[in-house]
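# Residue-level structure breakdown
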Amino acid sequence: MMTIHTTTDAPTRNLLDDQTTYDPNRLLDALIEKSHLKNDAALARLLEVAPPVISKIRHRRLPIGATLLISMHEVSGLTITELRALMGDQRKKFSGSTA
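This one's a predicted model, so the numbers in the text were calculated from it and none came from an experiment.

About the cut-offs
- Residues numbered from 1 in each chain as written.
- Predicted model: local features only at pLDDT ≥ 70, side-chain atom pairs only at ≥ 80, totals over all residues.
- Heavy atoms only, no water.
- pLDDT = per-residue confidence, 0-100.
- Helix = DSSP H or I, 4+ residues; strand = E, 2+ residues; numbered from the N terminus.
- Contact = heavy atoms within 4.5 Å.
- Salt bridge = Lys/Arg side-chain N within 4 Å of Asp/Glu carboxyl O.
- Buried < 20%, exposed > 50% of the residue type's maximum accessible area, 1.4 Å probe, protein only.
- Polar contact = N/O pair within 3.5 Å; in protein donor to acceptor, adjacent residues only side chain to side chain.

## Description of the confidence of the model for the protein chain
Per-residue confidence for the protein chain gives a mean pLDDT of 82, with 71% of residues at or over 70. Ranking the helices and strands of the protein chain by mean pLDDT puts helix α3 (residues 40-47) first, with 98, and helix α1 (residues 15-21) last, with 51. Throughout residues 2-18 the model reports pLDDT below 50, and contacts reaching past four residues in sequence, or to other chains, amount to two contacts.

Next comes the structure, spelled out in structure tokens:
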């Protein structure tokens, strides 16, 4: 029998929790629907990014960066908070780059 010891210092969330709630596909699909587009290629044109960028985001090989999130806000009219909620990002605060 294996015993697992925990401490009160242990974090209440782990990376697996974040991975199960984060779903960029919901956000991309919502943007396609809201903008009355046919597919990812049309979304890429609207956002002025190369189509592989959308594909990489869908396959979770590329995160949605701040610049792209702002572009999504500009073309959709959705707030940044709404966009973040669509992709499952429930963080209350963001840390900026210190560089």
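Picking up where we left off.
## Looking at the pattern of salt bridges
Counted according to the given criterion, the structure contains three salt bridges. A salt bridge links Asp29 to Arg58, with the nearest nitrogen and oxygen atoms 2.7 Å apart. Of the two residues, Asp29 sits in helix α2 (residues 24-34) while Arg58 sits in helix α4 (residues 51-58), which places them 29 residues apart along the sequence. On the accessibility criterion, Asp29 (41% relative accessible area) is partly exposed. According to the relative accessible area criterion, Arg58 is buried, its value standing at 18%.

## Thoughts on α3
Of all the positions in α3, only Ala42, Leu43, Ala44 and Leu47 are classed as buried. Summarising the contacts, the buried residues of α3 are in contact with α2, α4 and α5 (66-76). Its side-chain oxygen at 3.1 Å from the backbone nitrogen of Ala41, Asn39 defines the N-terminal cap of α3. Looking one or two residues past α3, Glu48 carries a phi angle of roughly 60°, positive in sign.

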